[in-house]
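Structure assessment
What follows is the residue order along each chain.
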Amino acid sequence: MSRGHTCITRTMKSYQKLTTTHPAACRVEEEGAAPMPSGHGKLAPWWVGCGLLVAAVLLSTITVWVLQQVSGGWLGPMPPPKCFLVPESHRFDCYPERRVVVTQELCESRGCCFIQSPPPAHGKRGVPWCFYPPDFPSYTMESLNQTALGMVGLLVRREKAYYPRDIEKLRLDVEFETDTRLHIKITDAANPRYEVPLDVPRVMKRAENPIYSLNFSWDPFGVLLQRKATGTVLLNTTVAPLIFADQFLQISTSLPSKFLYGLGEHRDSFLHSLDWNTLTLWARDVSPTESFNLYGVHPFYLLMEEDGNAHGVFLLNSNAMEVALQPAPGLTWRTIGGVLDFYIFLGPDPNMVIQQYQQVIGFPAMPPMWALGFHLCRWGYGSSNETWRTVRAMRNYQIPQDAQWNDIDYMDGYRDFTLDSQNFYSLPSMVEDLHKHGQHYVMILDPGISSTSPHGSYWPFDEGLRRGLFLNTTKGQPLIGQVWPGLTAFPDFSNPDTHQWWLENLQHFYAHVPFDGLWIDMNEPSNFVDGSEDGCPPGELDSPPYTPAVLGNSLSAKTVCASTEQKVSVHYNLHNLYGLMEAKATASALVKIRGKRPFVISRSTFPSQGRYSGHWLGDNWSQWKDMYYSIPGLLSFSLFGIPLVGADICGFSGNTSEELCTRWTQLGAFYPFARNHNNLNDKAQDPTVFSPAARTAMKDVLLTRYSLLPFLYTLFHRAHLQGDTVARPLFFEFPWDVATWELDRQFLWGRSLLVTPVLEPGVDSVTGYVPQGTWYDFYTGSSVNSNGEMLKMSAPLEHLNLHIREGSILPTQKPGITTEVTRGNPLRLIVALSSHATAWGDLFWDDGESLDTFEKGNYSYVVFNVTQNIFTSTVLHANAEATKVTIGTLSIFGVQKPPSKVLLNGQEKPFSYLDNQVLTVSDLGMSLSQGFSLQWL
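Moving on, we get to the overall build of the chain. From N to C terminus, the chain includes 15 helices and 51 strands. On the principal axes, the C-alpha backbone points of the chain span a range of 85 × 80 × 60 Å. Accessible area for the chain stands at about 33800 Å²; split by element, carbon and sulfur atoms hold 53% of it. On the chain, the mean spot of the 70 positive side-chain charges and the mean spot of the 89 negative ones are 3 Å from each other.

Another aspect to go through is the sheet that holds strand 20 (residues 374-376). Taken in spatial order, the nine strands line up as 29-28-27-26-22-21-20-31-30 in an open sheet, and their pairing is parallel. The strands lining the two open edges of the sheet, one partner per strand, are strand 29 (645-646) and strand 30 (648-649).

Pairing between sheet strands relies on hydrogen bonds along the backbone, with the strands arranged either parallel or antiparallel. What the six strands build is an open sheet, ordered 32-33-34-39-36-37; its pairing is antiparallel. Each having just a single partner strand, strand 32 (727-728) and strand 37 (783-786) make up the two edges of the open sheet. Of the strand pairs in this sheet, strand 36 (residues 773-777) and strand 37 are connected by four bridges, and their pairing is antiparallel. Looking at the pairing, G773 lines up with S786 of strand 37.

Another aspect to go through is the environment of E582. Among the structural elements, E582 can be located in helix 9 (residues 578-594). Relative accessible area serves as the criterion here: at 0%, E582 is assigned to the buried category. Linking E582 and Y441, residues 141 residues apart in sequence, is a C-alpha distance of 20 Å. For E582, the contacting residues outside a window of four places in its chain are P447, F493, W502, I520 and N523.

To continue, consider the pattern of salt bridges. As enumerated under the stated definition, the model contains 36 salt bridges in all. Residues K205 and E208 are paired through a salt bridge, measuring 3.6 Å at the closest nitrogen-oxygen approach. Judged by its relative accessible area of 56%, K205 is exposed. Assessed through its relative accessible area of 63%, E208 is described here as exposed. Notably, a salt bridge pairs D521 with R603, separated by 3.1 Å at the nearest N-O pair.

Another aspect to go through is the state of the cysteines. Inspection of every chain in the model, using the stated rule, returns five disulfides. There is a disulfide in this structure between C94 and C112, and the S-S distance comes to 2.1 Å. Here the S-S torsion is close to 75°, and the disulfide linking C94 with C112 is therefore right-handed. Highlighted residues: C94 in the loop between helix 1 (45-71) and helix 2 (104-109) and C112 in the loop between helix 2 and strand 2 (113-114), separated in sequence by 18 residues. At a sulfur-sulfur separation of 2.1 Å, the disulfide partner of C536 is C561. Looking down the S-S bond of the C536 and C561 bridge, the torsion is -95°, so its handedness is left-handed. Of this pair, C536 sits in the loop between strand 26 (517-520) and helix 8 (571-574) while C561 sits in the loop between strand 26 and helix 8, and the two are 25 residues apart along the sequence. What makes C536 partly exposed here is its relative accessible area of 27%. Numbered in order of appearance, the disulfide-bonded cysteines of the chain are paired 1-5, 2-4, 3-6, 7-8, 9-10. For the unlinked cysteine C377, the closest cysteine sulfur is that of C650, found at 13 Å. Look at C377 and you get buried, because its relative accessible area is 2%.

Once that is clear, we can look at the packing of aromatic side chains. Counted by the stated rule, this structure contains 52 aromatic pairs. Relative to Y546, the ring of Y163 has its centre 6.2 Å away and its plane inclined at 75°; by these criteria the two rings are edge-to-face. Residue Y163 is found in the loop between strand 5 (150-157) and strand 6 (169-178), and its partner Y546 is found in the loop between strand 26 and helix 8; the two are separated by 383 residues along the sequence. Residues Y163 and Y546 agree in their burial class; the two are buried. Here W519 and W616 contribute two aromatic rings whose centre-to-centre distance is 5.6 Å and whose plane-to-plane angle is 80°, an arrangement assigned as edge-to-face. Pair noted here: W519 is in strand 26 and W616 is in strand 28 (residues 614-616), with a separation of 97 residues, a long-range link. You can call W616 buried: its relative accessible area is 0%. Three or more aromatic residues joined by ring pairs form one cluster here, namely F417, F461, F470, F493, W501, W502 and Y578. Directly above the aromatic system of Y95 lies the positively charged group of R110, at a separation of 3.6 Å from the ring centroid.

Right, let's talk about unusual backbone geometry for a bit. Trans is the common state for peptide bonds, and a negative phi is the common state for residues other than glycine. The amide bond that connects A328 to the next residue, P329, takes the cis arrangement and shows omega of 0°. The peptide bond linking G347 to P348 adopts the cis configuration, its omega dihedral lying at 10°. Inspection of the secondary structure puts P348 in the loop between strand 19 (340-345) and helix 3 (350-361). In the Ramachandran plot, C650 falls in the positive-phi region, its phi being about 75° despite a non-glycine side chain. Looking at the secondary structure, you find C650 in the loop between strand 30 and helix 11 (658-668). The exposure class assigned to C650 is buried, which follows from its relative accessible area of 0%. Of note in the backbone geometry, D852 takes a positive phi value of approximately 55° without being a glycine. Tracing the backbone through its elements, the reader meets D852 in the loop between strand 42 (839-845) and strand 43 (860-867). Residue D852 is classed as partly exposed on the basis of its relative accessible area, which comes to 41%.

Conventions used here
- Residues numbered from 1 in each chain as written.
- Predicted model: local features only at pLDDT ≥ 70, side-chain atom pairs only at ≥ 80, totals over all residues.
- Heavy atoms only, no water.
- Helix = DSSP H or I, 4+ residues; strand = E, 2+ residues; numbered from the N terminus.
- Areas by Shrake-Rupley, 256 points an atom, 1.4 Å probe, with all protein chains shown as cover.
- Lys, Arg positive; Asp, Glu negative; His and termini not counted.
- Charge placed at Lys NZ, Arg CZ, Asp CG, Glu CD.
- Pairing = 2+ DSSP bridges.
- Buried < 20%, exposed > 50% of the residue type's maximum accessible area, 1.4 Å probe, protein only.
- Contact = heavy atoms within 4.5 Å.
- Salt bridge = Lys/Arg side-chain N within 4 Å of Asp/Glu carboxyl O.
- Disulfide = S-S within 2.5 Å.
- Phe/Tyr/Trp six-rings, centres within 6.5 Å; stacked < 30°, edge-to-face > 60°.
- Lys NZ or Arg CZ within 6 Å of the ring centre and 35° of its normal.

Pasting the structure below:
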């Protein structure tokens, strides 16, 4: 392709908000389009209008500036007129460094505009005082050539930017991977750079009918991406300069709306504020707190466009970064290493965006069915006998429980792969008892390996040292930090040899305690000292030219030195991958040891981790606000492809109250991963310790969860198969309803079950949004017709509001106190008729634990359908497991008038019909493996 045309007006360039009608103020070339003729022609009338408008804005802005300066009693040097052309909301920060008072001198030394504005309230960051002028030097595109999959271009910077080791020539690679996925990568044209070692799909041919159009600005270089169907501009990176130095990479874009989600892991509302909000991504051990960078890193956002379409953007980069959001609306990616490797997903429906994202990072693993039961844990049982006593108390009250866990108190001196032989001597017997009762055992493992045991007495350290498997300092010695056992070394999970050593350690422990799953904690990795016991060496890895806004103001705060050496690269590049790499090693070891689906729950996470583990939301507090924040947390991880997620029910730190714990158990019964966990020295909070009324309310809602296991399991199958979400934001199902876009106090299971929890104390009702249509009370089948409105619902302490969406069929089961017992019970199918008297549902069924059952064809899949008063069950795939299950009951909600008769495969069956339009047919006795029909006349 030949050289493109530069902008018509040099000073204006194209640093302005892009409107839908005029894609850019400068000339661009569309991929595949013929070059435009040169020559400017006459100034169009709209240019004249624009010129007058700019002059008016300039005059008024300068006047306001002068008045502000005079009222402040000081008149500093006036910024150049071009600076006043940039509206406040479009000012992109030229001096993002924290802990620096940005003066006019500092700002102008970078060639930027300096205009003071009033500081915002509450100490928040506001409009930047130092920002890029419209003509700040950026890269120019020197060439652009077609390739088999897209294009390759050369970008050149003629003027140095202000960070060291600026890279003069960049390579642009564009691949039109699918009709809904675009891949844009910018890297050093001359030298290789670190890239994330993540397996991503390689396409063989170029997309034939992409639903996007891609244009470029040549000078300054910029990407202009539009949705073909609507013309909506999804990306316009000409709004601020591209900077690509060795340790500072920055690119900005305008956004088509303010409805942006994702960018984890943070404690925040589900919908992010764009009011000068900076989100930092750097894995960190800290109790979830607003504005802090937390345990995991997910550089992916989903954005709802004004018309209800959606798109997503993923930056495949594992270095420390921050994402600055501003009200333009606009966004800036800043990272301190690697390359700019973007995937853009065009949806256009939000569900499809998340599916397309997971086509790149990988679909989540299918969990074993027992993983979806209720889990119980605490730090501070103190002994295996006390742990066992709790399990027996749960059984005594017939409260469902599938897994019992232990925290670090089971270990000898908090050392991995050891057992406290005094206090936990009976642990092997307890695990044997759990297994006899169809229950499971999960224990904690931390990555830090004690380094102080006498030589020859602690195999994990001795052998890891002998094989050279630990993180090393720049001097080639194991880096020694401090965690629970005292001084520790840290395994290098980027080394495949470490995976083998990890497996061998687990095999040794399994021989004594046959655990079923593993809980990997502290894997940011966490360190009680900053860097190491000797601190960190001087240099630009531990003290980079720019440090993102990380908690502690240092990359080594409460973790290891960034200069630490690993097999694949330096920790500076790999830090955010530590949890992912440990999860991969742990899942692999569990498969080799048990030969069944692995169950792993990890604290630190990175994209693709759903393939290996679930996640819990960390060390929360027993407070009402923490219960609320768990909902945005689990919805965010639904976006990130980690559907097996939940928070510590009743809160981890601090003492809970009976009311809080009851309400939280009701909400937690609908976390995809449901675990009650508690801290050392806090009051016990398992369901057995509360009053009979609270205990019964907790038991009832857990039985409700267990009754829904067939439905939940099928949702996880869909997540594993195609990347569907399990816990789902309402707007995913109602994207045209703008009222759903901000909702994060309710959620759906799949497309059809609405959960409306109570999130505040002292109330007996809850107000929730009910989207347009007919919804049925889960318990009674009574209908609610909504126009899309907030409705007040009765919510006494023993009640959680659940509603079924019209047109859906939910497979449920008579609940037992374990998933194993429940699996053998008869099914009850709940049919929620639509206004057209139709409904649809499905059920995936297998043995609940074998590896790759779907891939090997060892499963059953049944589709349920209702049309014209006929229910049909159609077996699309069957295996032996289905013959063990019967369909006992059919409950049909929304049958408008009493039937005269009901026919099962043509034979009359007794039935009941209630005034609230619920038809029930019991004692069907139909095997799941056989199709059947039921008609009501």
